[in-house]
Protein chains: 2
Amino acid sequence: MGNLYIGLLHYPMRNRKGEIVATATTSMDIHDIARSARTYGVARYFVVTPVPSQREISWRIRGFWTEGERALEESRRGEAMEYVTIAEDLEETTGSIEAAEGEAPYLVATSARRGGKVVIGYDELRRRLRTDARPVYILFGTGWGMADELIEACDAILPPIMPDSEFNHLSVRAAAAIVLDRVAGDRESSDALET
Amino acid sequence: MGNLYIGLLHYPMRNRKGEIVATATTSMDIHDIARSARTYGVARYFVVTPVPSQREISWRIRGFWTEGERALEESRRGEAMEYVTIAEDLEETTGSIEAAEGEAPYLVATSARRGGKVVIGYDELRRRLRTDARPVYILFGTGWGMADELIEACDAILPPIMPDSEFNHLSVRAAAAIVLDRVAGDRESSDALET
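Residue positions are given per chain, counting from 1 as you read along its sequence in written order. Chain A is the first chain written and ligand 1 is the first ligand written, with later ones labelled in order. Given that the model is predicted, a residue must reach a pLDDT of at least 70 before its local features are reported, and side-chain atom pairs must reach 80 or more before they are shown or counted; all residues, however, enter totals for whole chains, interfaces and linings. Working from all heavy atoms in the structure, the side-chain values ignore hydrogens and water.

A word on the overall build of chain A. Under the scheme used here, helices are H or I runs from DSSP no shorter than 4 residues and strands are E runs no shorter than 2 residues, and both carry numbers assigned from the N terminus. Scanning chain A from terminus to terminus reveals eight helices and eight strands. Relative to a compact globule of 195 residues, whose C-alpha radius of gyration would be 16 Å, chain A shows 16 Å and is just as compact. Projected onto the principal axes, the alpha-carbon positions of chain A cover approximately 45 × 45 × 35 Å. Any residue under 20% of the maximum accessible area for its type is buried, any over 50% is exposed, and the rest in between are partly exposed; the area is computed with a 1.4 Å probe on protein chains only. Relative to its 195 residues, chain A shows a buried fraction of 56%. For chain A, restricting intrachain contacts to residue pairs at least 6 apart in sequence, the fraction spanning at least 24 positions comes to 78%. Note on areas: Shrake-Rupley with a 1.4 Å probe; residue coverage comes only from the protein chains shown. Summed over all atoms, the accessible surface of chain A reaches about 8,600 Å², with 49% contributed by carbon and sulfur. None of His or the chain ends enter the tally, which takes Lys and Arg as positive and Asp and Glu as negative. In plain terms, the charge of a residue is placed at NZ if it is Lys, CZ if Arg, CG if Asp and CD if Glu. Charge separation in chain A, taken as the distance between the mean sites of 23 positive and 31 negative side-chain charges, equals 3 Å. Taken over C-alpha atoms, the radius of gyration is set against a globule rule of 2.2 Å times the number of residues to the power 0.38. Note on contacts: a residue pair is in contact if any heavy atoms of the two residues lie within 4.5 Å.

All names here are of chain B. Of all the five residues making up strand E7 (residues 136-140), five are buried; the element is thus mostly covered by neighbouring parts of the structure. Side chains Val 136, Ile 138 and Phe 140 project from E7 onto one buried face, and the interleaved Tyr 137 and Leu 139 project onto a second face that is buried too. A pair of strands is treated as paired once DSSP finds two or more bridges between them. Summarising the sheet, strand E1 (residues 4-9) and E7 pair through five bridges and their orientation is parallel. What sits directly across from Leu 8, in E7, is Phe 140. Bridge count for strand E6 (residues 106-109) against E7 is three bridges, and the pairing is parallel. For Tyr 106, the partnering residue across the bridge sits in E7 and is Val 136. For a crossover, the right-handed case is the one in which the path from the first strand over the helix to the second runs clockwise, viewed with the strands pointing away from the viewer. Traced from E6 through helix H5 (residues 122-131) to E7, the parallel crossover comes out right-handed.

With that settled, consider the sheet that holds strand E5 (residues 84-87) of chain A. Residues and elements named next belong to chain A. Here six strands make up an open sheet; going across it, the order is E5-E4-E1-E7-E6-E8 and the pairing parallel. A strand with exactly one partner marks an edge of an open sheet, and here the two such strands are E5 and strand E8 (156-157). The sheet contacts of helix H5 (residues 122-131) involve strand E1 (4-9), strand E6 (106-109) and strand E7 (136-140), and relative to E7 the element is tilted by about 145°. Fitted lines through C-alpha atoms give the axes, limited to the stretch in contact for helices. The angle between two N-to-C directions lies from 0 to 180 degrees. Here helix H7 (residues 172-184) sits on the sheet and contacts E1 and E7; the angle it forms with E7, its principal contact strand, is near 155°.

Contact residues are listed per partner, giving 44 residues for chain B and 44 residues for chain A. Once two parts are joined, some of their accessible surface, as seen by a 1.4 Å probe, is lost; buried area is that loss totalled over both. Contact between chain B and chain A buries roughly 3,800 Å² in total, counting both sides, with carbon and sulfur atoms accounting for 48%. On the chain B side of the contact with chain A, B:Thr39, B:Met162 and B:Phe167 bury the most area, a combined 18% of that side's loss. By definition, a salt bridge exists where a carboxyl oxygen of Asp or Glu is found within 4 Å of a side-chain nitrogen of Lys or Arg. Linking chain B with chain A are six salt bridges. Put simply, B:Arg38 and A:Glu166 hold a salt bridge, and the shortest N to O gap is 3.1 Å. Between N or O atoms, a polar contact is any pair within 3.5 Å; within protein, one atom must be a potential hydrogen donor and the other a potential acceptor, and residues adjacent in sequence are included only when both atoms are from side chains. Counting across the interface, chain B meets chain A through 16 residue pairs in polar contact (both at pLDDT 80 or more). Considering every element that reaches the side of chain B that touches chain A, the biggest residue donor is helix H7 (residues 172-184) of chain B, with seven residues. Charged means Asp, Glu, Lys or Arg here, nonpolar means Ala, Val, Leu, Ile, Met, Phe, Trp, Tyr, Cys or Pro, and polar covers whatever is left, Gly included. Class assignment of the residues belonging to the side of chain B that touches chain A gives a composition of 16 nonpolar, 11 polar and 17 charged.

Moving on, we get to the environment of B:Arg35. Tracing the backbone through its elements, the reader meets B:Arg35 in helix H1 (residues 27-39). Along the backbone, B:Arg35 and B:Val84 are 49 residues apart, and their C-alpha atoms lie at a distance of 10.0 Å. Sequence-distant contacts of B:Arg35, that is, excluding residues within four places in its chain, are made with A:Phe167, A:His169, A:Leu170, A:Ser171, B:Arg77 and B:Ala80.

Structure representation (structure tokens):
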């Protein structure tokens, strides 16, 4: 069984015109995805941005719950925030995974659009995580999605979550929750059928 | 195949001390869950609060995206917000479903804790939606969860999303996304196995 890592990337992203930009980090993305990550046993959740002031704000949001009085509160929110690390770029995060695990992670992109990249199905990734010791690192984009060069740097990409829906504009908070559930969640029927 | 409805309830909820309170509506809950609802083909998403000023704010948040200039924007966010209705209490929402459908919905509670209520599994609810014409209405709580009387008023309850996780404190935005995916989402393997 391999460890699962996730990253929320803020650069290089597309804006609504398709231009490459750095998007802003948000408190809600850090909190919601940290809670989902912790629920699904994710080893570490990286919030990645090249903008120094955004990293500072992100560390402060994390520290608010993990240090001082708040850390002792009943809500256990700090416990989820402990698993958050703020980083400057993708290389920093893959380097830190490699240092912890002894091997580079299998890097998986996500996108709401279909692309030319090698696709790995949700069930295939789920099986891989259970049967292969190599860590898996899933990347989530912000804004209007990851730049192609970022997707190209990955080993594979997950298919869109609901490719046949008329509307496919989930928030990244919802998308991350669903991907984690599909890849690392309890599954009544399919698990029963597999055994 | 029955229509699927969801509701986000703000009363009667428990606060962290277990007292019964009305929680505050938030812009993020309306937006995120509207986008998830639209992606999964939900017929209507009810935001339910007894507090008149909170209903007013909620209508204004909805109107910001569905009326005037914003409605024409490329982001298609208004398209998700069209499916949002703000209501005063549960009876108002079940009444409106009954008026539209000709029969009362099958009412399903959700909770992060196990309870004494009749449990319907995710796969069972998924099959029910596909094979039974009766509408299904899933309720989500806020704060520290629904009051027992509210759960008692439902026909059944879904099990906790990750009952065996050390940490089970998903945001309601993440929980709603995961429940919709389990009940109404595309499923590679289990669907293939069912046919």
